[in-house]
Amino acid sequence: MDIAVVSLFPEMLAPFTELGVVGRAVQRGLVRVGSVDPRGYATDVHGTVDDRPYGGGPGMLLRVEPCATAIAAARSQVPGGSPVIFLTPQGRKFDQAVARRLATLPGMVLVAGRYEGFDERLIEMVCDEELSLGDFVLSGGELAALAVIDATVRLLPGVLGDGQSAVEDSFSAGLLDHPHYTRPEVVEGRAVPGVLLAGDHEAIRRWRRKQALGRTSLRRPELLQGRSLTTEDRRLLDEFLEERRLGNEDDNRPLH
Ligand code: 9D3
């Protein structure tokens, strides 16, 4: 996959695209991440990319011309048909389903804004899709572009070494994760749930599924709305809620 990011702060991208899962994918040639700085396409001697909003008000906007030229340059770095995606607070909320769709594309241009945002005509002229990370205020679109890159690149074939994590992620897709524990067995009197130590793998699978369903029901009930549970899932969730109602904390009592 070829990704080109349009940004006034291209230095923000490098550390990220050089490290971790994405860094390894770049090194292995599974993805290429380039950048284009609109400042390089400003037509005046000062490299001006911003201007004041018509109608007044605080802050500055990104001018159409340098952005449009930068986006054209970015398009030349990716395959034909790759969408131009703007990261803006007004965009549709990015989620795993969007990441899965983007991961099927040969490439994309991600456009990160700064200041108060873009001249609306630029969006009308060149934007295929607008994405937001959610309802909080960032200082620009770069972190959002990086989140989109990270979530998408992880899904590309061959990126996750053992494949195991990607399979598990898709298996439990749409549910919160169950709790995890590693050594030692007791920390400040808090024991690892006994079922995880006993070696009954079917019991462990059921316990994890029950925790995932229970936590999702308590913390993100909207994720379960409009989703039909299997008979087993329904029973596990009912058990979870009933045990919680009874204040059953047996699972977390130290064994020794
Ligand atoms: C505080 C300024 N806002 C009130 C008028 C408007 C505003 C403009 C530009 C708010 C944030 C930004 C910069 N944010 C992004 O470019 C952005 C973003 C975000 O802030 N939150 C979640 N997702 C995204 S994607 C791009």
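Residues numbered from 1 in each chain as written. Predicted model: local features only at pLDDT ≥ 70, side-chain atom pairs only at ≥ 80, totals over all residues. Heavy atoms only, no water.

Digging into a nonpolar patch on the surface
Part 1: Judged by side-chain polarity, Phe9, Met12, Phe136, Leu138 and Leu143 come together as a nonpolar surface patch covering roughly 440 Å² of accessible area.
Part 2: Within the secondary structure, Leu138 is located in the loop between β7 (129–132) and α6 (142–153).
Part 3: Relative accessible area serves as the criterion here: at 34%, Leu138 is assigned to the partly exposed category. (Patch = residues over 30% accessible without salt bridge, like charges linked within 9 Å, V, L, I, M, F, W, Y side chains within 5 Å. Areas by Shrake-Rupley, 256 points an atom, 1.4 Å probe, with all protein chains shown as cover. Salt bridge = Lys/Arg side-chain N within 4 Å of Asp/Glu carboxyl O. Helix = DSSP H or I, 4+ residues; strand = E, 2+ residues; numbered from the N terminus. Buried < 20%, exposed > 50% of the residue type's maximum accessible area, 1.4 Å probe, protein only.)

As for the packing of helix α8 (residues 201–219) against helix α9 (residues 231–245)
Part 1: Interaxial distance between α8 and α9 falls to 8 Å at its minimum, and their mutual angle equals 70 degrees. Relative to α9, the element α8 is oriented roughly perpendicular. By crossing handedness, the relation of α8 to α9 is classed as right-handed. Together, Arg205, Arg206, Arg209, Lys210, Gln211, Leu213, Gly214, Arg215, Ser217 and Leu218 of α8 and Glu232, Asp233, Arg235, Leu236, Leu237, Glu239, Phe240, Leu241, Glu243 and Arg244 of α9 make up the contact between the two elements.
Part 2: Classifying every residue of the contact of α8 with α9 by side-chain character gives six nonpolar, three polar and eleven charged. (Axes fitted to C-alpha atoms, helices over the stretch in contact; angles between N-to-C directions. Parallel < 35°, antiparallel > 145°, perpendicular 65-115°, else oblique. Left-handed = near helix turned anticlockwise from the far one by under 90°. Contact = heavy atoms within 4.5 Å. Nonpolar A, V, L, I, M, F, W, Y, C, P; charged D, E, K, R; others polar.)

So, the domain arrangement of the protein
Part 1: Examined at the domain level, the protein breaks down into domain 1 (2–153) and domain 2 (173–246).
Part 2: A C-alpha centroid distance of 39 Å is found between domain 1 and domain 2. (Domains from an automatic or database assignment.)

Points about the pattern of salt bridges
Part 1: Per the stated rule, a full pass over the model turns up 15 salt bridges.
Part 2: Salt-bridge contacts for Arg209 lead to Asp233; the nearest nitrogen and oxygen are separated by 2.7 Å. One end of the pair, Arg209, is in helix α8; the other, Asp233, is in helix α9, with 24 residues separating them in the sequence.
Part 3: In this structure Asp233 comes out as buried when scored by relative accessible area, which is 5%.
Part 4: The partner of Lys210 in a salt bridge is Glu239, with the nearest N and O atoms 3.1 Å apart. Placement of Lys210 in helix α8 and of Glu239 in helix α9 is noted, with a sequence separation of 29 residues between them.
Part 5: On the basis of relative accessible area, Lys210 is assigned to the buried category, the value being 10%.

Re the sheet that holds strand β1 (residues 2–6)
Part 1: On the basis of which strands lie adjacent, the open sheet formed by five strands has the order β2-β1-β6-β5-β7 and parallel pairing. The sheet is open, and its two borders are formed by β2 (32–36) and β7, each paired with just one other strand. Adjacent strand axes in the sheet meet at a mean angle of 35 degrees, parallel and antiparallel pairs treated alike.
Part 2: Judged from the four bridges that link them, strand β5 (residues 84–93) and strand β6 (residues 107–112) form a sheet pairing that is parallel. (Pairing = 2+ DSSP bridges.)

Looking at the environment of Gln90
Part 1: As for its position among the elements, Gln90 is in strand β5.
Part 2: The spatial distance from the C-alpha of Gln90 to the C-alpha of Leu131 is 7.4 Å, given a sequence separation of 41 residues.

Brief notes about the site of the ligand
Part 1: The local shell around the ligand holds 16 residues, among which Leu133, Gly134, Phe136, Leu138 and Gly140 are the closest.
Part 2: Between the ligand and Leu133, the relevant distance is 2.9 Å, taken from a nitrogen atom to a main-chain nitrogen or oxygen of the residue.
Part 3: Residue Leu138 places a main-chain N or O atom 2.8 Å away from an oxygen atom belonging to the ligand.
Part 4: Taking 570 Å² as the accessible area of the ligand by itself, protein coverage stands at 72%.
Part 5: Elements with a minimum of two residues in the shell around the ligand: β5 and β7.
Part 6: Considering each element in turn, the shell around the ligand owes the most residues, three residues, to β5. (Near = heavy atom within 4 Å. Polar contact = N/O pair within 3.5 Å; in protein donor to acceptor, adjacent residues only side chain to side chain.)

A word on the state of the cysteines
Part 1: All chains considered together, the criterion is met by zero disulfides.
Part 2: The closest cysteine sulfur to the non-disulfide-bonded Cys67 is located on Cys127, 12 Å from its own sulfur. (Disulfide = S-S within 2.5 Å.)

Some remarks on the side chain of Asp50
Part 1: By the element assignment, Asp50 lies in strand β3 (residues 50–51).
Part 2: For the buried Asp50, which has no salt bridge, the nearest side chain bearing the opposite charge is Arg39, at an N-O separation of 5.9 Å.
Part 3: Setting aside chain neighbours within four positions, we find Asp50 in contact with Met60, Leu61, Leu62, Arg63 and Tyr115. (Lys, Arg positive; Asp, Glu negative; His and termini not counted.)

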